[in-house]
Amino acid sequence: KYTVTVNGAEGGTTNLYGTHTYEANTAITLLATPDEGYEFTAWKLDNGDTFADNPLFYTVTENVTIIPVFTKKAPEPTYTLTVYPSGQGWVTISPEQETYPNGAMVVLTAKPAEGWQFKQWEDGSVSATRYLTMTENKEVTATFEEIPEEPEPTTYYTLTMNTVGQGSITASPQASQYEAGSTVILTAKPAEGWQFKQWEDGSISATRYLTMTENKEVTAT
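Predicted, not measured: the structure shown is a model, and the values here were computed from it.

K.L.:
If you had to explain the sheet that holds strand 11 (residues 81-86) to someone new, which residues and values would you point to?
P.N.:
The 3 strands lie next to each other as 11-17-15, forming an open sheet whose pairing is mixed. Each having just a single partner strand, strand 11 and strand 15 (116-121) make up the two edges of the open sheet. Going across the sheet, the axis of each strand differs from the next one's by a mean of 25 degrees, ignoring polarity. Pairing between strand 15 and strand 17 (residues 138-146): 5 bridges, direction antiparallel. Each bridged residue has a counterpart across the sheet, and for phenylalanine 118 the counterpart in strand 17 is phenylalanine 144.

This is the structure we're talking about:
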């Protein structure tokens, strides 16, 4: 018969503890349970053997002292998230925390102020909702831009040309309607045996310049 002594160790417990007597070639099972913040590393025997199995299936062939080894776990890394808005708007963060564990998912939503619209994130993406996986400290920028004002609708006017006597009027440019503020050149052309006398406003130059500020009607005599 042989004795197996299992000593305690900081950082965990074992299913067997203390000194136990076994007949030769008895198979025993050793199970180590680490405390929170620790992890099991190995079984160390006073005969120099080391085993990493857990549970360990051990055959008793001699007197032996077994010591479980526990080590503290390295702290899990945490990361920070910094958000900068550019322009007028803000970003909601879900969940919003001072730090995030490695691999945490964060949802960002860009919200423009009144009269502004979301343009893009610093990586060029244009969706207002963005999903981040925290694998490092991150800095993100949401850019907002002013919504351009709607242009004033364009106003158009008509030009009616009349003749008294025999002749014609040419308009340059010739169109069915003219944009407000545009200039039209009128030329009175008498027929053979006729001569131009005047326009309805009394002007006597055969060439006339009109600025279209309203619907207009002209007469060449």
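K.L.:
Tell me what's going on with the pairing of strand 17, and back it up with residues and numbers.
P.N.:
In terms of strand pairing, strand 11 meets strand 17 through 6 bridges, oriented parallel. From the neighbouring strand, leucine 81 faces strand 17, where its bridge partner is lysine 138.

K.L.:
Got a sec to walk through the environment of proline 85? Specific residues and values, please.
P.N.:
Mapped onto the secondary structure, proline 85 falls in strand 11. Taking the C-alpha atoms as reference points, proline 85 and leucine 159, 74 residues apart in sequence, are found 53 Å from one another. Filtering out sequence-adjacent residues up to four positions away, proline 85 remains in contact with Ala142 and Phe144.

K.L.:
I'd like a rundown of unusual backbone geometry, residues and numbers included.
P.N.:
A cis amide bond, omega 5 degrees, links asparagine 54 with the succeeding residue proline 55. Tracing the backbone through its elements, the reader meets proline 55 in the loop between strand 7 (50-51) and strand 8 (56-59). Following serine 172, the chain continues into proline 173 via a peptide bond in cis, with omega recorded as 0 degrees. Along the chain, proline 173 turns up in the loop between strand 20 (167-172) and strand 21 (178-179). The phi dihedral of asparagine 25 is positive, around 70 degrees, even though this residue is not glycine. Topologically, asparagine 25 is positioned in the loop between strand 3 (18-22) and strand 4 (27-30).

K.L.:
Give me the sheet that holds strand 23 (residues 207-211): which residues, what numbers.
P.N.:
With antiparallel pairing, 3 strands are arranged side by side in an open sheet as 20-22-23. Edge positions in the sheet fall to strand 20 and strand 23, since each of these pairs with one other strand and no more. If you compare each strand with its neighbour and ignore which way they point, the axes differ by 25 degrees on average.

Conventions we followed
Residues numbered from 1 in each chain as written. Predicted model: local features only at pLDDT ≥ 70, side-chain atom pairs only at ≥ 80, totals over all residues. Heavy atoms only, no water. Pairing = 2+ DSSP bridges. Helix = DSSP H or I, 4+ residues; strand = E, 2+ residues; numbered from the N terminus. Axes fitted to C-alpha atoms, helices over the stretch in contact; angles between N-to-C directions. Contact = heavy atoms within 4.5 Å.

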